[in-house]
Amino acid sequence: GSVILLRVGKSDSDSIFEMANGIGGKEAIGYRNLQKEWKDALKMRISSLGSQLVIKQLKDLGIKNPWIGEWKSFKNNIRPENDDYFRKLLKYLAIEPESTITAMNALRRLHLMAAMRLRKMLKEKFENANLQTIHEKGFLIEDLGESPEIAKLGAFVCLSIGEEVFEVPESAVKQLQKA
């Protein structure tokens, strides 16, 4: 049968986040502090004025689609894509824009480096994996790094594919189920 590769435990984004921090070391800590500063300032502005007013004010500044919910929440959403929009947002939040933009660009590069490392690790693990073992056991779980914060990768033998589509609860995805 076919072999399906799935993450076990942590997600790609969690792994990339942790790997980027490891690659960046002390500099990454500084970048994360600046990231937290602008996101916290946005959260406080939303909390004090309400999201609708903040969106209106950002649109009035020329930011076409202010995705404030996404910008304030996700740790892997490092910054808005558009430099001009990000600069306007930072000024609106009374945060010095140029050093913050530079730091967030450096953080983005760390994330890209981490993603490339993760991809290389995946490729190496399964190019050298013993497919016979996978087929005998029905699965194989591989660690991708020493840190528990880095996702594991599971290779699972697919015995058949049914016609029905059903939802698997998240609690069942985080652990192997007995047959």
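In this report, we go over the structure that sits alongside the text.

## Quick look at the packing of aromatic side chains
Where two aromatic rings form a pair, the distance of their centres and the angle of their planes describe that pair. Tallied over the full model, the rule gives one aromatic pair. Taking the centre distance of 5.2 Å and the plane angle of 70° together, the rings of Trp38 and Phe86 count as edge-to-face. Here Phe86 lies in helix α4 (residues 83-92) and Trp38 lies in helix α1 (residues 12-49), a separation of 48 residues in the sequence. Phe86 shares its class with Trp38; the two are buried.

## Some details on the pairing of strand β3 (residues 152-158)
Counting buried positions along β3 yields six of seven residues, so the element is predominantly enclosed. Here strand β1 (residues 2-8) runs beside β3; their pairing, made up of seven bridges, is antiparallel. Along β3, the bridge assignment pairs Arg7 with Leu153. By the bridge criterion, five bridges tie strand β2 (residues 139-143) to β3 in an arrangement that is antiparallel.

## Brief notes about the pattern of salt bridges
Tallied over the entire structure, the rule returns eight salt bridges. Three or more residues joined by partner-sharing salt bridges are found here, namely Lys36, Asp40 and Lys43.

## Quick look at the sheet that holds β1
Here we have three strands laid out as an open sheet, ordered β1-β3-β2, and antiparallel in their pairing. Each end of this open sheet is capped by a strand with a single partner; those strands are β1 and β2. Direction aside, the axes of adjacent strands within the sheet are offset by 20° on average. The strands touched by helix α5 (residues 97-127) within the sheet are β1, β2 and β3, with β2 carrying the most contacts at an inclination of about 135°.

Cut-offs applied
Residues numbered from 1 in each chain as written. Predicted model: local features only at pLDDT ≥ 70, side-chain atom pairs only at ≥ 80, totals over all residues. Heavy atoms only, no water. Phe/Tyr/Trp six-rings, centres within 6.5 Å; stacked < 30°, edge-to-face > 60°. Helix = DSSP H or I, 4+ residues; strand = E, 2+ residues; numbered from the N terminus. Buried < 20%, exposed > 50% of the residue type's maximum accessible area, 1.4 Å probe, protein only. Pairing = 2+ DSSP bridges. Salt bridge = Lys/Arg side-chain N within 4 Å of Asp/Glu carboxyl O. Axes fitted to C-alpha atoms, helices over the stretch in contact; angles between N-to-C directions. Contact = heavy atoms within 4.5 Å.

Everything listed is a geometric property; what it means functionally is a separate question.
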